[in-house]
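# Structure at a glance
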Amino acid sequence: MKILKLFFVIFFIFSFNNLAANTDDMKIKITKNLRCLICQGQSVYDSDSEFANSMKVLVDKKLKDGLSENQIYDFFKEKYGQWILYDPELNKNTYILWLLPILIFLIGGAIVVKNFKFRK
Amino acid sequence: MNKKILKITTTAIFIIIFVVFYKALQDTNVYTPKKKSNNEIPLFSANLFYSNKQTDSSELFKLDKFYLLNIWSSWCVPCRSEHSLLMDLSKNEKIEIIGLNYKDKKRNAENFLNELGDPYQEIIFDKEGINAIEWGAFGVPESFLINDGIVIKKYIGPLNKELVKEIQLLIK
Amino acid sequence: MLLSVIGHYSLILGLCLSLLIIFLSIKNFKNSEYLNTKILFSSFFQLILVSLSFLCLVFSFVFSDFSNETVFNNSHTTKPLFYKISGTWGNHEGSLLLWLLVLTLFIFLFLIKTKKQPVKYKILTLLFQQIIIIGFFIFLIQTSNPFNYLYPIPDEGLGLNPILQDPALAIHPPILYLGYVGSSIIFSSALAATCLNMISKKWASHIKKWVLISWVFLTLGIMLGSIWAYYELGWGGFWFWDPVENVSLMPWLALTTLLHCILVLEKKQILTSWVIILSISTFTLSMCGTFLVRSGILNSVHTFANDPGRGLFILVFLFSLILISLFVFFFFHKSTQNELNNFSWLSKETSIIINNWFMMYFLSVVLIGTVYPIFLDVLSSQKISVGPPFYHKLIVPFLIPFLLAMAIGPKLKWVKSNLDDKFSMILLLIISVLISFFILKIFEANFLINTILISSATYLFFITFRDFFIRKFNNIAQNIAHFGFSLLILSILFNSLFSSEIITNLKIGETFDDSKTKIFFKSIKQKEEKNFKSIVANFNIENSKGIIETLSPELRIYNQPNIVTSEADIKTTMMSDKFIVINVVQNQDYFNIRYQVKPFMLWIWLSVLLISFGGLLSLFKKNYE
């Protein structure tokens with residue numbers, strides 16, 4: 001078991017590097033997270049509507065202007081509302097959304113442990 | 001006792017879900033951004049249609065007048081129908097109409113204006129559709145009534161006679 | 001005209017038969033030494049009537065009988081015969097008729113195939129099933145009659161939505177419905193068994209067949225839908241966490257949980273309440289899905305004609321079913337807790353309970369993510385979107401322990417066990433961690449979470465792979481399914497990590513060239529088919545090794561209705577898919593080109609096939625014994 005632990009420690013140290021992504025990946029990530037207003041079931045990345053194509057150009061431009069991911073989200077949120085983001089941020093509207101599944105997971109665990117008194 | 005509470009809560013939860021679903025049935029599921037009024041106009045640099053010069057949005061709306069920003073395109077069918085109304089409105093001295101030509105070919109746009117007349121004081125040439133997004137628009141046509149650097153009213157879709165009357169009243 | 005009349009009246013007769021069956025069943029229930037043959041006969045006759053009605057609709061489509069409103073709305077004389085037939089269930093009315101057909105078919109099969117169970121149980125199951133059937137009959141006849149006729153008779157139909165004109169989608173609904181409706185049998189028989197207090201080992205092994213059947217069909221149905229999205233929606237994705245996809249995933253999660261739970265119940269009398277709850281929720285989730293999709297409460301990429309009136313009917317029907325089942329559960333169910341404590345923490349029981357715990361968590365994530373926007377909108381009129389990032393954030397981290405448990409669980413014995421070959425299991429774990437680490441290192445996509453995730457999937461892969469050799473045919477069905485799952489997770493991960501994409505605008509004759517890929521836009525050709533015209537573009541694509549491939553994506557202009565779709569061209573090989581689509585750009589003379597290389601695409605489908613094959617094998621093994 002000791003060997004196993006040691007192995008994991010070394011392994012994790014090696015894993016923490018080059019976390020940065022380039023602009024292309026960032027652009028894809030951002031457009032995947034924006035919802036298209038014309039075809040409302042799709043992300044901007046997936047959509048080929050005129051609106052979505054303009055959004056893609058604009059995201060590119062904003063990235064070149066040096067805006068961060070979150071600044072770009074804020075920009076679109078201000079124009080079109082929270083709806084435009086596929087990744088709802090944690091605020092008073094979405095506490096239940098984010099925390100209820102986790103709560104269910106914990107309650108589930110509690111039920112399992114409480115109801116099944118396992119034989120030693 | 002415990003079981004009774006369980007029964008009541010489960011039933012209550014399902015009744016709540018039912019009511020919520022029932023209410024949700026009455027609404028439309030298509031999202032349109034809220035028409036926020038009394039917003040400041042966005043800041044951006046734009047290409048002008050005729051002169052091809054770069055200009056600033058604050059430059060375009062600097063006078064102490066009413067402005068109507070109209071997003072249009074030669075390929076947009078409803079734009080054709082609202083165009084005559086814009087021509088009428090352009091005769092009113094109190095208001096200046098600024099066009100935003102959305103994702104168009106210059107030649108087509110010129111033909112469109114030659115055919116139907118040009119109500120615009122100035123036209124922003126938005127080849128890639130970026131400026132329209134700065135305005136928070138998502139389709140053509142859309143119109144914004146502006147006074148003193150502030151958007152008073154936003155119209156999604158083509159204008160009609162009633163809406164033009166409303167604009168006439170607002171700028172009196 | 002005649003077909004519509006026959007179809008319509010056989011539906012009404014079918015509804016009357018339902019009432020007759022209920023009457024006969026109640027009479028039979030009081031005096032239940034044997035099953036009244038009249039019941040069997042009426043069920044058979046009902047099946048015949050519904051099939052007749054369904055065939056009438058199919059033939060109305062085949063003969064393009066536009067006096068029928070459904071045919072008029074969804075067909076056209078120029079459609080190929082295959083799509084005329086598949087158009088039958090490509091619309092709301094027809095698909096409901098198909099639901100009803102499968103419902104009546106399954107209950108009939110249930111009646112003749114179930115031999116060793118008490119008569120009372122069979123009658124009660126039939127009764128509950130008839131309640132569902134009556135609901136569907138009324139729904140069909142009242143709000144969505146497929147046999148409405150039009151006068152004057154139109155010359156030509158409006159045509160089938162082009163994106164539905166696809167082979168995968170033509171067979172997707174029937175397969176999916178077999179899964180959904182199979183779960184209705186589980187629902188009815190679980191309620192019946194609860195009423196008679198006979199949830200037991202014996203019942204478990206009897207219902208397991210039905211669970212497996214619907215599970216296999218549901219899995220295949222979801223896969224077909226996903227393949228369709230990959231080919232037809234044209235952006236190279238195969239799962240979008242779209243509401244319509246989520247509602248098909250939810251019953252699948254519940255059913256998978258139930259499948260594992262049944263395994264425990266087959267061995268010992270525990271988890272009875274839990275099995276009932278799962279049986280009920282599987283079907284209610286299917287119905288809930290139908291409601292969300294058909295009522296148009298949620299907007300989705302998948303187009304469905306929707307109508308609030310129909311939504312209301314399904315909603316009321318759905319909640320009546322829920323209330324009935326709550327009533328049955330609370331009043332009849334007596335939990336038996338006798339063998340409860342009788343297993344160690346390191347045992348098969350524990351691992352299955354852990355599986356249930358995680359599956360329920362995944363289900364709650366999908367459910368909450370799908371319906372939360374509705375709740376928020378109604379309660380506070382705030383509109384938000386819940387999309388892929390939400391699901392990824394909440395599901396992916398939990399997959400890691402889930403995969404590990406999946407690897408170790410099946411190796412444990414019932415009641416109490418020791419891990420025999422600890423050494424080799426730890427060795428395999430280290431090997432899989434190292435492998436995934438180096439894979440990611442080589443391809444420069446090194447994120448900690450990815451490494452751990454791939455490690456655990458690789459671990460499951462190795463363990464199950466090894467079991468093929470050391471355990472031989474002992475429980476091979478389970479092993480195949482778990483092996484398939486590890487393959488699925490691995491392919492999805494590699495696919496999402498190593499996909500590459502080029503988006504560019506090209507005119508004919510131009511070449512796009514970056515250091516790795518050359519895309520040469522050779523030519524365009526026009527083509528004309530019976531139901532569409534198309535522009536076919538030809539591309540030569542040269543990779544860094546100098547191998548040239550020709551791909552020809554299309555833009556199709558369908559004639560009825562007049563819609564432009566873009567058809568991707570996909571070259572599938574064992575290791576990767578090359579995917580290209582073109583699009584017109586408004587007012588420009590160039591085309592927008594999107595070229596993607598997607599590794600392991602084929603393996604995603606193959607692994608799902610493997611998973612369902614595992615289920616199928618388990619089904620036949622049971623019958624053999």
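Residues numbered from 1 in each chain as written. Chains lettered and ligands numbered in written order. Predicted model: local features only at pLDDT ≥ 70, side-chain atom pairs only at ≥ 80, totals over all residues. Heavy atoms only, no water.

## A short note on the overall build of chain C
The condition that has to hold: The secondary structure listing takes helices from DSSP runs of H or I that are at least 4 residues long and strands from runs of E that are at least 2 residues long, numbered from the N terminus. Exposure is judged per residue with a 1.4 Å probe applied to protein chains only, and the accessible area is read against the type maximum: over 50% gives exposed, under 20% gives buried, and values in between give partly exposed. The contact definition used throughout considers only heavy atoms, calling two residues in contact when any of these lie within 4.5 Å. A 1.4 Å probe and the Shrake-Rupley method give the accessible areas. Residues count as covered only by the protein chains that appear here. Under the convention used here, Asp and Glu are negative, Lys and Arg are positive, and both His and the chain ends fall outside the count. Working definition for charges: the position is that of NZ of Lys, CZ of Arg, CG of Asp or CD of Glu.
Scanning chain C from N- to C-terminus turns up 17 helices and 10 strands. On the principal axes, the C-alpha backbone points of chain C span a range of 85 × 80 × 55 Å. The burial tally for chain C puts 61% of its 625 residues in the buried class. A separation of at least 24 residues holds for 73% of the contacts in chain C among residues at least 6 apart in sequence. Working note: accessible area of chain C is about 24,700 Å², and carbon and sulfur atoms make up 67% of it. The positive charge centre, built from 46 side chains, and the negative charge centre, built from 33, are 14 Å apart in chain C.

## Focus: helix H16 (residues 476–498) of chain C
Each α-helix winds once per 3.6 residues, and so residues spaced three or four apart point in a common direction. Filter applied, for reference: In this analysis, the expected span of each helix is defined as 1.5 Å times one less than the number of residues it contains.
Relative to the 33 Å expected for 23 residues at 1.5 Å per residue, H16(C) spans 32 Å between its end C-alpha atoms, a close match to the ideal helical length. Judged by how many residues are buried, H16(C) sits mostly within the fold: 19 of 23 residues are covered.

## Here we look at the pairing of strand E6 (residues 554–558) of chain C
All names here are of chain C. What counts, and what does not: Pairing between strands is defined by DSSP: at least two bridges between the two strands are required.
Of all five residues that make up E6, four are buried, and the element is covered over most of its length. Pairing analysis gives five bridges linking strand E4 (residues 532–542) to E6, with the strands arranged antiparallel. Counterpart to Ile535 in the pairing with E6 is Leu555. Relative to strand E7 (residues 563–567), E6 runs antiparallel, the two sharing five bridges. When the sheet's bridge partners are listed, Ile557 is paired in E7 with Val564.

## Notes on the nonpolar core
Our working definition: Joining through side-chain atoms within 4.5 Å is the link that ties buried Ala, Val, Leu, Ile, Met, Phe, Trp, Tyr and Cys residues into a set, and such a set is a nonpolar core.
The biggest cluster of nonpolar side chains holds 189 residues, and the ones touching the most others in it are Phe21(B), Trp203(C), Leu292(C) and Phe362(C). At 16 residues, the largest contribution of residues to this core is made by helix H12 (residues 348–380) of chain C. Once residues within four sequence positions are removed from consideration, Trp203(C) is found in contact with Tyr121(C), Ser189(C), Ala190(C), Ala193(C), Met198(C), Ile262(C), Leu265(C), Val275(C) and Ser279(C). The next biggest cluster of nonpolar side chains, apart from the first, holds 43 residues, and it includes Cys79(B), Leu89(B), Tyr102(B) and Trp135(B).

## Quick word on the interface of chain B and chain C
Rule in force here: Note on terms: buried area is the combined drop in 1.4 Å-probe accessible area of two parts once they are placed together, counting the loss on both. Here, a salt bridge means any Lys or Arg side-chain nitrogen found within 4 Å of an Asp or Glu carboxyl oxygen. For the purposes of these results, a polar contact is taken to be a pair of N or O atoms within 3.5 Å, where, inside protein, one atom must be able to donate a hydrogen and its partner to accept one; residues adjacent in sequence count only when each atom of the pair is a side-chain atom. Charged means Asp, Glu, Lys or Arg here, nonpolar means Ala, Val, Leu, Ile, Met, Phe, Trp, Tyr, Cys or Pro, and polar covers whatever is left, Gly included.
Taken together, the contact between chain B and chain C spans 25 residues of the former and 30 residues of the latter. Buried surface at the junction of chain B and chain C, summed over both partners, amounts to about 2,400 Å²; 73% is from carbon and sulfur atoms. Inspection of the region where chain B meets chain C yields zero salt bridges. The interface formed by chain B and chain C contains zero residue pairs in polar contact (both at pLDDT 80 or more). Of all the elements, helix H1 (residues 2–26) of chain B adds the most residues to the side of chain B that touches chain C, at 14 residues. The residue makeup of the side of chain B that touches chain C, split by class, is 12 nonpolar, four polar and nine charged.

## Structural notes on a positive patch on the surface
Here is the rule: Surface patches are drawn from residues lacking salt bridges whose relative accessible area is over 30%; two like charges belong together within 9 Å, two nonpolar side chains (Val, Leu, Ile, Met, Phe, Trp, Tyr) within 5 Å.
On the surface, Lys113(C), Lys115(C), Lys116(C), Lys202(C) and Lys209(C) cluster together to form a positively charged patch. You can see Lys116(C) is positioned in the loop between helix H5 (92–113) and helix H6 (119–143).

## A closer look at the state of the cysteines
As a reminder, the rule being used: To count as a disulfide, a pair of cysteine sulfur atoms needs to be within 2.5 Å.
Evaluated as defined, the whole model comprises one disulfide over all chains. Between Cys76(B) and Cys79(B) runs a disulfide, and the two sulfur atoms are separated by 2.2 Å. Note on the Cys76(B) and Cys79(B) pair: the S-S dihedral is about 95 degrees, so by sign convention the disulfide is right-handed. Judged by its relative accessible area of 2%, Cys79(B) falls in the buried class. With no disulfide partner, Cys261(C) has as its closest neighbouring cysteine sulfur the one in Cys195(C), 20 Å distant. The class for Cys261(C) is buried, based on a relative accessible area of 0%.

## As for the domain arrangement of chain C
All names here are of chain C. We apply this condition: Boundaries of every domain are those given by an automatic assignment or by a domain database.
Segmentation of chain C into domains returns domain 1 (1–165) and domain 2 (500–601). Taking only C-alpha atoms, the centre of domain 1 and the centre of domain 2 are 43 Å apart. Residue-level contacts link 13 residues of domain 1 with eight residues of domain 2. Taking both partners together, domain 1 and domain 2 bury about 790 Å²; carbon and sulfur atoms supply 54% of that area.

## Examining the environment of Asn39(B)
Residues and elements named next belong to chain B. Mapped onto the secondary structure, Asn39 falls in strand E1 (residues 39–40). By relative accessible area, which is 29% here, Asn39 ends up partly exposed. Between the C-alpha atoms of Asn39 and Gly149, which are 110 residues apart in sequence, the distance is 8.5 Å.

## Looking at unusual backbone geometry
The omega angle of the peptide bond from Val140(B) to Pro141(B) is -10 degrees, so this bond is cis rather than trans. Among the secondary structure elements, Pro141(B) is positioned in the loop between helix H5 (130–134) and strand E7 (142–147). For the peptide bond that leads from Tyr151(C) to Pro152(C), omega is -5 degrees, which places it in the cis range. Secondary-structure assignment places Pro152(C) in the loop between H6 and helix H7 (167–195). Backbone geometry places Asn197(C), a non-glycine residue, at a positive phi of 55 degrees. One can find Asn197(C) in the loop between H7 and helix H8 (201–232). Phi angles above zero are rare outside glycine, and Trp241(C) is one such case at about 55 degrees. Assignment of secondary structure puts Trp241(C) in the loop between H8 and helix H9 (243–267). Looking at Trp241(C), the relative accessible area reads 14%, which means it is buried.

## Here's the deal with the confidence of the model for chain C
The predicted coordinates of low-pLDDT regions are not to be read in fine detail. Selection rule: Per-residue confidence from the predictor is given as pLDDT, running between 0 and 100.
Overall, the predicted model of chain C reaches an average pLDDT of 87, with 95% of residues at or above 70. Across chain C, the secondary-structure element scoring lowest on mean pLDDT is E7(C), at 82, and the one scoring highest is helix H2 (residues 37–62) of chain C, at 94.

## A word on the sheet that holds strand E10 (residues 591–599) of chain C
Residue and element names in this part refer to chain C. The condition is simple: Throughout, an axis means a line fitted to C-alpha atoms (over the contacting stretch in the case of helices), and angles, computed between N-to-C directions, take values from 0 to 180 degrees.
With respect to topology, four strands assemble into an open sheet ordered E1-E10-E9-E8, the strand pairing being antiparallel. Single-partner strands in this sheet number two, and they are strand E1 (500–506) and strand E8 (569–572). If you compare each strand with its neighbour and ignore which way they point, the axes differ by 10 degrees on average. The pairing of E8 with strand E9 (residues 576–584) spans four bridges and is antiparallel. What sits directly across from Lys571, in E9, is Lys578. The sheet contacts of H16 involve E1 and E10, and relative to E10 the element is tilted by about 140 degrees.

## Details of H8(C)
The terminal C-alpha atoms of H8(C), which comprises 32 residues, lie 45 Å apart, in line with the 46 Å expected from a rise of 1.5 Å per residue. Within H8(C), 24 of the 32 residues are buried, leaving the element largely enclosed by the surrounding structure.

## Regarding the packing of aromatic side chains
What counts is decided by this rule: Classification of ring pairs rests on two measures: the distance between centres of Phe, Tyr or Trp rings, Trp counted by its six-membered ring, which must be within 6.5 Å, and the angle between planes, read as stacked under 30 degrees, edge-to-face over 60 and tilted in between.
For the structure on display, the rule yields 65 aromatic pairs over all chains. Seen from their ring centres, Trp72(B) and Phe112(B) are 5.2 Å apart, and the 25 degrees between their planes marks the pair as stacked. Residue Trp72(B) is found in strand E4 (residues 66–72), and its partner Phe112(B) is found in helix H4 (residues 106–116); the two are separated by 40 residues along the sequence. Each member of the pair, Trp72(B) as well as Phe112(B), is classed as buried. Ring centres of Phe362(C) and Phe402(C) lie 5.3 Å apart, and the angle between their planes is 85 degrees; on these two criteria the pair is classed as edge-to-face. One end of the pair, Phe362(C), is in helix H12; the other, Phe402(C), is in helix H13 (residues 388–408), with 40 residues separating them in the sequence. Judged by relative accessible area, which is 7%, Phe402(C) ranks as buried.

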